[in-house]
Structures are given as structure tokens and as C-alpha cells.
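Structural overview
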Amino acid sequence: MELIPISAEIEELIEYLKKREKFADSDLNVVVSPYRISPLGAHIDHQGGPVLGMTINTGSLLAFIPNHERKVRLYSMNYPGVVEFSIENIKTARRNDWGRYAMGAAKVIQEHMPIEVGFTGAIIGSLPASGLSSSASAGLAYLKAFAYVNNCILSNEDYVELDSGIENKYLKLQNGILDQSSIVYGRKNSMLYIDTVSGEATAHPKPESAEGFKILILYSGLTRELTSSGFNERVEACKRTAGLLGLMGGLNSAKTFSDIPEEVYHAQQKRLPEDIKHWAIHYFSEVGRVKEGIRAWDAGELEKFCSLMNESSRSTLQNYENGGPQIKDLFERTISQEGVYGAAINGGGYGGCVVAFVSDEFSENSALEILSAYTKEYPELKEKAQAYFAEPDEGLRLLYQPFHI
């Protein structure tokens, strides 16, 4: 239930690498690339909609040393085998190759600047690939390592752009910038408001007067893999609907929903065919929830904010058609538990997790009650479904020795 402290995971990771490679301690560095939660803004970043994100105290850790052979050699505490490739000849990785994000990072950063030095390292991901941006977390960790060993100075905007390149160009995904921006700009105890058109991310600290809460993460037991989840198909459906809506409103160049003024949507929405109307309904209602949500956050109105989280999840299930019976069941059981203020579905396809804001008094037993009821309904997931309490934390960072958090 309680997450292993990052400092303890770093020690374990370093010992793991030392058993496999010889190196001077002075050459070792560590990247902390946290996971993110997104209470509001579900599935609208790829359409240019505003989103909310927050980094938490768990994620990807990468311990690495410079490798002057112009190679990358990687070990993982989550996956078997060793990944090794030349930075001069990077091939397209197979879908199930856990090293594909490292290969993608090397590919895109070389398009940005020449790199002469690779690295040897070991990586660990703290939680399952459960809709908390584990792919962006790993990709950014590799980018940070490449930049460091090659003495490259990258801006926050560069990191977001390069990680988007891994996802969009190398892995052929059509996702937006929610994950990358949340991780790069994350600030402890702050909610990020991200304008996905301009790329601007603004940190909104939690008001001192706001009611306290804890973050509960309930993993469904079903892995979320964007490359095979139908994600791209949903994005294309949104784009086609936006194009049609634009034509109805006299706009010939609308490519995403963000190209459609709200007044055009309200004037034309009834004319949309029934089989595609729900895509537009989710987008424009979610934009409203994000804007209303950040106002509630700034005002310390936690009850209102969490009510919007529940609305967002229901729209995700009904209008965006994302999430199977398992994640719907887990969501409903979560919000019905006493002490739960609100919950958001984070993930794509039929996998993912439920992220809940719960009272400070919410106990481990209460979380286990939710899981027990859920896995009684889906016994095949009993060994995989998990629950964790998390805390807000800082974003992407490179640690220098000694590795104090």
C-alpha cells in the first residue's frame, strides 16, 4: 500500500547495476522521472484541449554512467534481458521490446543535436504500466541521461518536444503533451494547468485553506499499452468529427476540436450524426470541466473539484467510449466507498487505473475493501490488481551525488 521511498529504490537500483557492471562511483548519476496523475482533462490533449496534471512520488529511476563506446547498454529491474544498441545505427524496435523508448530517445535527440557519448544504465519503473504515463516517464529519463553525458543543455520546452517525438514519430502514436508536460513541469503540492496548444504549463499551488486529502491509486490489473489499445483509432475518430463540425460551421481547415470555436459547436452540435456526436460531447464538456476545476482548486473547493472528476470519468466511459467493464466497475466501487471525494479514470483502452482523492482518515483497510470486492467480481485479476497511496512530488530531475531526495 505504501510506496517504497525513492531513496531506498535508488540504493537498490545502484546495487543492481553494480552486480552487472564495473564503474567508478564518481561516474554514476541518477534521473528521477516521476509518474503523473490527471484528475481532469481525460483524452482531450491530442485535440488541443486544456488539461490538469500532477506529478507523484513514484516513477522511473535511471542509474547511468557514460559509455564512450558510442553504445547504449541497459538493464531493467522490471523486464528480462539486456538491451544494447549503437547510437550510430538505431533500428526500429519491435512493439514488445522494452528498450524501444531508449532507442526512440537516441533517435530524436540526434535529430536535435549531434551526440557522441552513450551510456550504460539500469532502470526501474515503480508501478505497473497503468495509465500514469510510464512510457513518457521512461522516455524523459533516457533523454535526460543523453543530454547529461553529452553536455547538452535542453530547455523544458525541448524535453516536451523531444519526448513527443519519441511517441509521435518513432512509435507512431497520436497522443498529445499531457504526460510529457506534467512530468517536465511538475511542482510539489501543485496542480498544473497545461495549455496543449501553446505548450504553456502553469503551476497552481494547493491553497493553505484547502481541505487535506490523500491520493489513492487503484490499479485495475489490466495493462495499458497504447500501441495496441485502439488509441490511434479514437484520435482519428475525433479528428474526423472535428473536420465535419468545422465544415458545418463554415470552417474549412479544422483538424482538431480545438480549431472549433465553442459557439460553432453549440450552434451545430445537433446536426452531427448520432454515431459520432459523442466524441464532440466529451471534448467540449471536458474543456468546461478543466476550466471550472482549476477555479475550484484555486478557491480550495475540493468537493466541487472532485465532483468534476466523477463527471469526467463518466463521460470518459460513456462518450469517449474508453474503458471496459473492469475499469467501470472499479470506478463505481471506488466512489461509493466512504471517505472518497472523487475519482478519475487514468488510462486507455481496457486497462489503466482509478486515481482517487480521499480523506486524510481514509485507511489502508478501506482501500483493500474496494480491491476485495472488485477482485471477487474479477478473480482472474486478484494477483495483479493493486492499491497505493501516493503524494504530490517534484517533476523530472537529475540527482547528483550523494543521491539525497
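Everything numeric here is computed off the predicted structure, so don't read it as measured data. (Residues numbered from 1 in each chain as written. Predicted model: local features only at pLDDT ≥ 70, side-chain atom pairs only at ≥ 80, totals over all residues. Heavy atoms only, no water.)

Structural notes on the overall build of the chain
Looking only at helices and strands, one finds 11 helices and 12 strands in the chain. The C-alpha radius of gyration of the chain comes to 21 Å, within 12% of the 22 Å expected for a compact globule of 405 residues. Dimensions of the chain, computed from C-alpha atoms along their principal axes, come out at roughly 65 × 55 × 45 Å. Per-residue burial over the chain gives 61% buried out of 405 residues. For the chain, the proportion of contacts with a sequence separation of at least 24, taken over those separated by at least 6, is 73%. When the accessible surface of the chain is split by element, carbon and sulfur atoms take 46% of a total near 17200 Å². Separation of charge centres in the chain, based on 39 positive and 53 negative side chains, amounts to 6 Å. (Helix = DSSP H or I, 4+ residues; strand = E, 2+ residues; numbered from the N terminus. Rg over C-alpha atoms; globule rule 2.2 N^0.38 Å. Buried < 20%, exposed > 50% of the residue type's maximum accessible area, 1.4 Å probe, protein only. Contact = heavy atoms within 4.5 Å. Areas by Shrake-Rupley, 256 points an atom, 1.4 Å probe, with all protein chains shown as cover. Lys, Arg positive; Asp, Glu negative; His and termini not counted. Charge placed at Lys NZ, Arg CZ, Asp CG, Glu CD.)

A few points about helix H2 (residues 100-112)
Spanning 13 residues, H2 covers 19 Å between terminal C-alpha atoms, matching the ideal 18 Å at 1.5 Å per step. Along H2, the residues classified as buried are Arg100, Tyr101, Ala102, Met103, Gly104, Ala105, Ala106, Val108 and Ile109. On its buried side, H2 packs onto strand E3 (71-76), strand E4 (82-86), helix H3 (134-149) and helix H4 (156-170). (Expected span 1.5 Å × (residues − 1).)

What about the pattern of salt bridges?
Applying the stated criterion across every chain yields a total of 12 salt bridges. Note that Glu292 and Lys304 form a salt bridge whose closest N and O atoms lie 2.8 Å from each other. Placement of the pair is Glu292 in helix H8 (residues 274-298) and Lys304 in helix H9 (residues 302-318), with a sequence separation of 12 residues. For Lys304, a relative accessible area of 34% gives the class partly exposed. What emerges from the salt-bridge pattern is a single network uniting Glu21, Lys71, Arg73 and Glu84. (Salt bridge = Lys/Arg side-chain N within 4 Å of Asp/Glu carboxyl O.)

A word on empty space enclosed by the protein
All chains considered together, the criterion is met by three cavities of 30 Å³ or more. Taken as a whole, the second largest cavity spans an internal volume of roughly 50 Å³. Looking at the lining of the second largest cavity residue by residue, the class counts come to seven nonpolar, one polar and three charged. (1 Å grid on protein atoms, 1.4 Å probe; cavity = no way out; pocket = protein on both sides within 12 Å on 5 of 7 lines; lining within 4 Å. Points joined across faces, edges and corners; volume = space filled by probe spheres on them. Nonpolar A, V, L, I, M, F, W, Y, C, P; charged D, E, K, R; others polar.)

Considering the packing of H2 against H3
Contact geometry of H2 with H3 gives a least axis separation of 9 Å together with a crossing angle of 50 degrees. Between H2 and H3, the angle is such that the two are oblique. When you trace H2 past H3, the crossing you get is right-handed. Residue-level inspection shows Tyr101, Ala102, Ala105, Ala106, Val108 and Ile109 of H2 in contact with H3, the latter providing Ser135, Gly139, Tyr142, Leu143, Phe146 and Ala147. Looking at side-chain class alone, the contact of H2 with H3 contains 10 nonpolar, two polar and no charged residues. (Axes fitted to C-alpha atoms, helices over the stretch in contact; angles between N-to-C directions. Parallel < 35°, antiparallel > 145°, perpendicular 65-115°, else oblique. Left-handed = near helix turned anticlockwise from the far one by under 90°.)

Brief notes about the nonpolar core
Formed by 99 residues in total, the largest nonpolar core has its most connected members in Leu62, Phe119, Tyr142, Ile215 and Phe357. Listed in part, the 23 residues of the second largest apolar core include Ile327, Phe362, Ala367 and Leu381. (Core = buried A, V, L, I, M, F, W, Y, C linked by side-chain atoms within 4.5 Å.)

A word on the packing of H4 against helix H5 (residues 178-185)
Between H4 and H5, the least distance of the axes is 9 Å, while the angle of their chain directions is 145 degrees. For H4 against H5, the interelement crossing comes out right-handed. Across the interface between the two elements, Asn156, Glu157, Tyr159, Val160, Asp163, Ser164 and Glu167 of H4 pack against Gln180, Ser181, Val184 and Tyr185 of H5. Within the contact of H4 with H5, the residues separate by chemical class into four nonpolar, four polar and three charged.

Brief notes about the side chain of Thr120
Examined against the element boundaries, Thr120 turns out to sit in strand E5 (residues 118-125). The class of Thr120 is buried, set by a relative accessible area of 3%. Separated by 3.1 Å, the side chains of Thr120 and Asn67 make a polar contact. (Polar contact = N/O pair within 3.5 Å; in protein donor to acceptor, adjacent residues only side chain to side chain.)

Honestly, that's just the spatial picture; any functional story needs more than this.
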